[in-house]
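# Close look at the chain arrangement
Each chain is listed here by its residues.
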There are 2 protein chains.
Amino acid sequence: MLKALRARLPHEDLVYLGDTARLPYGTKSAETVTAYATQATRYLMRHDIKMAVIACNTAASVALEPLAAALAPLPVVGVVGPGAEAGVKASKSGRIGVLATEATVRGGAYVRAIHALDPAAVVTQAPCGLFVTLAEEGWVKGDVAEAAARRYLAPLFKGRNAPDTLVLGCTHFPVLARVIGKVAGKNVKLVDSAATTARFVERELAAKGMAAKRRGKGKTRFMATDSPERFARVGGIFFGEEIRAKDVELVDIRPD
Amino acid sequence: MLKALRARLPHEDLVYLGDTARLPYGTKSAETVTAYATQATRYLMRHDIKMAVIACNTAASVALEPLAAALAPLPVVGVVGPGAEAGVKASKSGRIGVLATEATVRGGAYVRAIHALDPAAVVTQAPCGLFVTLAEEGWVKGDVAEAAARRYLAPLFKGRNAPDTLVLGCTHFPVLARVIGKVAGKNVKLVDSAATTARFVERELAAKGMAAKRRGKGKTRFMATDSPERFARVGGIFFGEEIRAKDVELVDIRPD
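Anyway, here's the lowdown on the structure attached to this text.

Time to look at the packing of aromatic side chains. Counted according to the given criterion, the structure contains 18 aromatic pairs over all chains. Taken together, a centroid distance of 5.3 Å and an interplanar angle of 90 degrees make the contact between A:F131 and A:F173 edge-to-face. Note that A:F131 is positioned in helix α7 (residues 129–137) and A:F173 in the loop between β6 (165–169) and α9 (177–184), a separation of 42 residues in sequence. Comparing A:F131 with A:F173, the two get one shared label, buried. For the pair B:Y16 and B:F231, a centre-to-centre distance of 6.0 Å together with 65 degrees between the ring planes defines the contact as edge-to-face. With B:Y16 in strand β1 (residues 14–18) and B:F231 in helix α11 (residues 228–239), the pair connects residues that are 215 residues apart, well separated along the chain. Here the aromatic cluster, defined as three or more aromatic residues joined through ring pairs, consists of A:Y16, A:F222, A:F231 and A:F239. The ring of B:W139 has A:R151 lying over it, and the distance from NZ or CZ to the ring centre is 4.2 Å.

Next comes the structure, spelled out in structure tokens:
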């Protein structure tokens, strides 16, 4: 997500906060995720942000409405709508699979967002909790990842509702795209919300007259609620470039 | 652990708290784990406990001393000493492997505890983060668990320090004992800290004159900081008996 935002909005300054003291969100209840995400976004508001992008699919799935209400008039953008849009655009058969965390699947936000765009779509979901840990371990290929992908995908491809498109509905899953694609087969398209969200953010900023006026390369500031070292190590897997622990600020986001 | 405590101390009442709003601890820093474990234990003190057993290996590894200091004179028992004792007793070669979380391995408490009992022991450690998620998914056998075990154990058994005993140094790992044993081979003993900790607790209670006077079956009370439903589902895997969500109290352990 950060990579897509930086590519599409090179002039904007970004503040990236990882709530590493309480991750993962995907195994927690909607109430707890909403409380954590609200704290995190309120903390970001102290840094004079003009828009919040909820890049965690779980938080965007279960907490977007309460977050937007609590933080108004700050524009709050989630990744579920853009992810659903990418899925609907990519699918020819209208059969779309969603791979996500336990909490995202339970909340059903992807199913609703896809049906809002294509009421006839047939949506199947699979909670893929182990993918989160596999991504964090950096085990993005090899026999463990493949066996896990086979186990998670098998139920989706049984029977007549086999999807032609899989939405990677968790920020962690794109790094496993190769192994998921190998198991799903080459006729199945994989999409995620990064590119569509970045485009959506660009349009929203322009529509609100909020786009950066100045030229030049925007800065990215990294903050984490625990262990900058681990954030740098694991974050590097996702961002596709090295992050140095000394460039990650350790922050306490609990309200005063 | 709970099972072992109930078996050895049938007359005692137990209060079991799972900090499900912030788990897992094993990927977090020593500072954060210490803060969380202190909050959790302080919360338990409101329930008039006479002793605290830190059944999470990560918390016991990195937070036992600060916890004992903060909560004195409450007796605080960890699982690392008893786990190390079980490993040293079981090993004939003096080569002991420790499978644990990232935070436990980094903290080195098992290495120190084993050396305190047997200074000549050769201790090797493997951080096995995926085992935690596999246990929570209930994937305790099958190809994914086996492939993960092969990958984690391979480095331990390379070369001359191959252990004859593996200490399962995380509360989650005993449910994976069968698959770990299959990969390690039948000449390798697997031990965990449950039985030795229960025996240690029994001795300590007796020594302090604190053992329950009355006869009859002690009660167990379950509390969780998030989602009683998930606690009941996942907890059932570990306890080996059904837990009903309605018997789990949702509690807020943050200090007033």
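Our focus in this paragraph is the environment of B:R8. All names here are of chain B. By the element assignment, R8 lies in helix α1 (residues 2–8). For the pair formed by R8 and G81, sequence separation is 73 residues and the distance between their alpha carbons is 18 Å. Apart from residues no more than four positions distant in its own chain, R8 is found in contact with A198, R199 and E202.

Let's shift gears to the pattern of salt bridges. Close approach of charged atoms lets side chains of opposite charge pair. Under the definition given, this model contains 36 salt bridges over all chains. A:R150 is the salt-bridge partner of B:D143, the closest N and O atoms lying 3.9 Å from each other. Remark: A:R150 occurs in helix α8 (residues 143–153) and B:D143 occurs in helix α8 (residues 143–153); the pair is interchain, linking two chains. Given the relative accessible area of 40%, B:D143 is considered partly exposed. A network of salt bridges, in which partner residues are shared, links A:E102, A:R106, B:E136, B:R230 and B:R233.

Residues and elements named next belong to chain B. With five of five residues buried, strand β6 (residues 165–169) is to be regarded as a mostly interior element. Alternating positions in β6 separate into two faces, T165, V167 and G169 on one and L166 and L168 on the other, with burial throughout. Relative to strand β7 (residues 189–191), β6 runs parallel, the two sharing three bridges. Bridged to L166 within β7 is L190.

Moving on: the sheet that holds β1(B). Residue and element names in this part refer to chain B. The three strands lie next to each other as β1-β8-β9, forming an open sheet whose pairing is parallel. The open sheet terminates on both sides in strands that have one partner only, identified here as β1 and β9 (248–250). On average, each strand axis in the sheet is inclined to that of its neighbour by 25 degrees, with strand direction left out of account. Relative to β9, strand β8 (residues 220–224) runs parallel, the two sharing three bridges. For M223, the partnering residue across the bridge sits in β9 and is E249.

Residues and elements named next belong to chain A. Position of G235 relative to the elements: it lies in helix α11 (residues 228–239). With relative accessibility at 6%, the residue G235 sits in the buried group. Residues G235 and G81, spaced 154 residues apart in sequence, show a C-alpha to C-alpha distance of 24 Å.

For the rest of this paragraph, the subject is the interface of chain A and chain B. Size of an interface, as often reported, equals the accessible area lost when the parts are brought together. Contacts between chain A and chain B engage 31 residues on the former and 31 residues on the latter. Summing both partners gives a buried area of about 2,500 Å² for chain A against chain B, and 49% of it is carried by carbon and sulfur. Summed over the three residues of chain A that lose the most area to chain B, namely A:L130, A:W139 and A:R151, the buried surface amounts to 23% of that side. Here chain A is connected to chain B by six salt bridges. With its nearest N and O atoms 2.7 Å apart, the salt bridge here joins A:R233 to B:E102. When contributions to the side of chain A that touches chain B are tallied by element, the ones reaching two or more residues are α2 (30–45), α7, α8 and α11 of chain A. If you tally residues by element for the side of chain A that touches chain B, the top one is α8(A), at seven residues. Residues that form the side of chain A that touches chain B fall into these classes: 11 nonpolar, eight polar and 12 charged.

Residues and elements named next belong to chain A. An order of β5-β4-β6-β7 is seen for the four strands of this open sheet, with the pairing classed as parallel. Since the sheet does not close on itself, it has two edges, and those belong to β5 (122–127) and β7 (189–191), each with one partner. Put simply, the sheet's adjacent strands are angled 25 degrees from each other on average, direction ignored. Where strand β4 (residues 95–100) lies against β5, six bridges are found, and the strand directions are parallel. The partner of R95 across the bridge, within β5, is V122. Lying on the sheet, α9 is in contact with β4, β6 and β7; it crosses β6 at an angle near 150 degrees.

Glancing now at the state of the cysteines. The tally for this structure, following the rule as stated, stands at zero disulfides over all chains. The closest cysteine sulfur to the non-disulfide-bonded B:C170 is located on B:C56, 6.9 Å from its own sulfur.

Turning our attention to the packing of α8(A) against α8(B). With their axes 8 Å apart at the nearest point, α8(A) and α8(B) run at an angle of 170 degrees to one another. Between α8(A) and α8(B), the angle falls in the class roughly antiparallel. The crossing of α8(A) and α8(B) is left-handed. Contact residues: A:D143, A:V144, A:A147, A:A148, A:R150 and A:R151 in α8(A); B:D143, B:V144, B:A147, B:A148, B:R150 and B:R151 in α8(B). Of the residues belonging to the contact of α8(A) with α8(B), the class tally is six nonpolar, no polar and six charged.

Residue and element names in this part refer to chain A. Orientation of α2 relative to helix α3 (residues 57–71), taken along the N-to-C sense of each, is 55 degrees, at an axis distance of 9 Å. In terms of orientation, α2 and α3 fall into the oblique class. The hand of the α2/α3 crossing is right-handed. In contact with A30, V33, T34, A37, T38, T41, R42 and M45 of α2, α3 contributes T58, A59, V62, A63, P66, L67, A70 and L71. The class makeup of the residues in the contact of α2 with α3 is 11 nonpolar, four polar and one charged.

Rules and cut-offs
Residues numbered from 1 in each chain as written. Chains lettered and ligands numbered in written order. Predicted model: local features only at pLDDT ≥ 70, side-chain atom pairs only at ≥ 80, totals over all residues. Heavy atoms only, no water. Phe/Tyr/Trp six-rings, centres within 6.5 Å; stacked < 30°, edge-to-face > 60°. Helix = DSSP H or I, 4+ residues; strand = E, 2+ residues; numbered from the N terminus. Buried < 20%, exposed > 50% of the residue type's maximum accessible area, 1.4 Å probe, protein only. Lys NZ or Arg CZ within 6 Å of the ring centre and 35° of its normal. Contact = heavy atoms within 4.5 Å. Salt bridge = Lys/Arg side-chain N within 4 Å of Asp/Glu carboxyl O. Pairing = 2+ DSSP bridges. Axes fitted to C-alpha atoms, helices over the stretch in contact; angles between N-to-C directions. Buried area = accessible area lost by both parts, 1.4 Å probe. Nonpolar A, V, L, I, M, F, W, Y, C, P; charged D, E, K, R; others polar. Disulfide = S-S within 2.5 Å. Parallel < 35°, antiparallel > 145°, perpendicular 65-115°, else oblique. Left-handed = near helix turned anticlockwise from the far one by under 90°.

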